[in-house]
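# Per-entry structural report
Listed below, chain by chain, are the residues.
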Amino acid sequence: MGFNVAIDGPAGAGKSTVAKAAAKAAGLIYVDTGAMYRAIGLYLLRKGTDLHDEKAVEEKLPGIDVSIAYEDGVQKVLLNGEDVSSVIRTQEVGAAASVTSAYGAVRAKLLDLQRDLAKKQDVVMDGRDIGTNILPDAQLKIYLSASVAVRAKRRYDELVEKGEEAVLSEVEKEIEERDYRDMHREIAPLKKAEDAVFVDTSDLTIDQAVKAVLVLIFERKVESEGKDS
Ligand code: DC
């Protein structure tokens with residue numbers, strides 16, 4: 001097995017920004033699994049499927065092909081061959097992904113794709129169930145979190161910067177709802193793996209959070225290379 005890092009945590013903890021930067025600095029491939037669930041959510045929204053109707057969602061799955069491509073080391077997510085990497089970055093698509101990712105058939109569809117990516121290369125993979133379910137043998141597991149208020153403010157700033165309309169109290173409410181759904185679903189709920197290192201980014205800048213993660217990666221790399229030799 002290669003060297004794999006699993007980073008899990010709730011929406012807005014800074015996972016993707018931190019994981020992407022740390023992967024680049026450590027020479028590992030960054031895999032964003034949330035983007036895969038978002039691609040499925042986008043397809044279902046476009047088709048007007050009732051997201052709360054599990055059977056209707058399941059029936060649509062055979063028509064969905066999600067794949068990953070890399071351009072200059074940057075992950076692109078393809079939905080039936082279309083690059084949807086930017087259009088999936090809305091609150092609406094995120095919420096659709098959160099609702100539909102609770103269904104077993106949706107999770108099963110992405111499981112092999114995620115495991116295969118980690119088998120073929122050394123990755124930093126971020127999501128909700130990477131340390132607990134997808135890569136239980138990852139050499140390093142990190143649970144990245146921050147207070148709800150801080151996460152809501154970060155999401156809000158991101159949306160405003162993109163020119164989307166947003167109200168801070170609504171973003172906070174959406175984050176709380178998303179946390180609840182992601183943590184309370186029956187299959188592969190978001191939780192800290194027992195052997196994951198908890199990193200609280202509430203009072204950290206992005207740079208500080210990236211450094212904290214990099215220190216953990218290098219420590220663990222040295223340890224695991226020591227074990228191999
Ligand atoms: O990380 P994100 O906001 O892009 O994720 C969108 C949703 O996808 C999230 O609310 C829950 C779901 N998800 C999941 O269930 N499992 C993962 N490994 C990644 C994301």
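Now for a description of the structure that goes with this document. Chains are numbered independently. Their residues run from 1 in the order of the written sequence. Given that this is a predicted model, residues contribute local features only at a pLDDT of at least 70 and side-chain atom pairs are listed and counted only at 80 or more, while totals for whole chains, interfaces and linings are drawn from all residues. To get the side-chain values, take all heavy atoms of the structure and skip hydrogens and water.

What follows covers the pattern of salt bridges. We define a salt bridge as a contact between a side-chain nitrogen of Lys or Arg and a carboxyl oxygen of Asp or Glu at a distance within 4 Å. Within this structure, the stated rule accounts for 11 salt bridges. Salt-bridge contacts for Arg89 lead to Asp32; the nearest nitrogen and oxygen are separated by 3.0 Å. Residue Arg89 is found in the loop between β5 (82–83) and α4 (91–100), and its partner Asp32 is found in strand β2 (residues 29–32); the two are separated by 57 residues along the sequence. For every residue, the accessible area obtained with a 1.4 Å probe (protein chains only) is divided by the maximum for its type, and the residue is called buried under 20%, exposed over 50%, and partly exposed between those limits. On the accessibility criterion, Arg89 (32% relative accessible area) is partly exposed. Here a strand is any run of E in DSSP of at least two residues, a helix any run of H or I of at least four, and the numbering for each starts at the N terminus.

In this section: a negative patch on the surface. A contiguous patch of negative charge on the surface is contributed by Asp50, Asp53, Glu54 and Glu58. Summarising the element assignment, Asp50 is placed in the loop between α2 (33–47) and α3 (54–60). By relative accessible area, which is 44% here, Asp50 ends up partly exposed. Grouping into patches uses exposed residues only, defined as over 30% relative accessible area, and leaves out salt-bridged ones; the cut-off is 9 Å for like charges and 5 Å for nonpolar side chains (Val, Leu, Ile, Met, Phe, Trp, Tyr). Residue burial considers only the protein chains on display, and all accessible areas are found by Shrake-Rupley using a 1.4 Å probe. The charge count includes Lys and Arg as positive and Asp and Glu as negative, but it does not include His or the ends of the chains. All charge positions are set by atom: Lys at NZ, Arg at CZ, Asp at CG, Glu at CD.

Glancing now at the packing of α4 against helix α8 (residues 168–184). Here the axes come from fitting lines to C-alpha atoms, over the contacting stretch only for helices, and the angles between their N-to-C directions go from 0 to 180 degrees. Between α4 and α8, whose axes approach to 9 Å, the crossing angle comes to 20°. Of the possible angle classes, the one that applies to α4 and α8 is roughly parallel. Here the hand of the crossing between α4 and α8 comes out left-handed. Across the interface between the two elements, Gln91, Gly94, Ala95, Ser98 and Val99 from α4 touch Val171, Glu174, Arg178, Arg181 and Asp182 from α8. Throughout, the ten residues Ala, Val, Leu, Ile, Met, Phe, Trp, Tyr, Cys and Pro are labelled nonpolar, Asp, Glu, Lys and Arg are labelled charged, and all others, Gly among them, are labelled polar. Among the residues making up the contact of α4 with α8, the classes are represented as 3 nonpolar, 3 polar and 4 charged. For classification, angles of less than 35 degrees are called roughly parallel, those exceeding 145 degrees roughly antiparallel, those between 65 and 115 degrees roughly perpendicular, and all remaining angles oblique. Should the near helix be turned anticlockwise from the far one by less than a right angle, the crossing is termed left-handed; should it be turned clockwise, right-handed. Any two residues whose heavy atoms approach within 4.5 Å are treated as being in contact.

Here we come to the sheet that holds β5. Sheet strands pair via backbone hydrogen bonds, and the direction of the pair is either parallel or antiparallel. A pair of strands is considered paired only if DSSP assigns at least 2 bridges between the two. If you trace the 3 strands from one edge of the open sheet to the other, you get β3-β4-β5, paired in antiparallel fashion. Because the sheet does not close on itself, it has two edges, and the strands there are β3 (66–71) and β5. Here β3 runs beside strand β4 (residues 74–79); their pairing, made up of 6 bridges, is antiparallel. When the sheet's bridge partners are listed, Ser67 is paired in β4 with Leu78. Sitting on the sheet, α2 is in contact with β3, β4 and β5, with an inclination near 30° to β4.

This part is about the site of the ligand. To be near a molecule or strand, a residue needs just one of its heavy atoms within 4 Å of it. Around the ligand, the structure places 15 residues, and the nearest of them are Arg38, Arg107, Arg178, Asp182 and Arg185. At 2.8 Å from an oxygen atom of the ligand is found a side-chain nitrogen or oxygen belonging to Arg107. Look at the ligand: alone it shows 450 Å² of surface, and the protein chains cover 96% of it. Listed by contribution, the elements that provide at least two residues to the shell around the ligand are α2, α4 and α8. Residues that form the shell around the ligand fall into these classes: 3 nonpolar, 5 polar and 7 charged. For the purposes of these results, a polar contact is taken to be a pair of N or O atoms within 3.5 Å, where, inside protein, one atom must be able to donate a hydrogen and its partner to accept one; residues adjacent in sequence count only when each atom of the pair is a side-chain atom.

Geometric descriptors of this kind do not, in isolation, establish any biological role.
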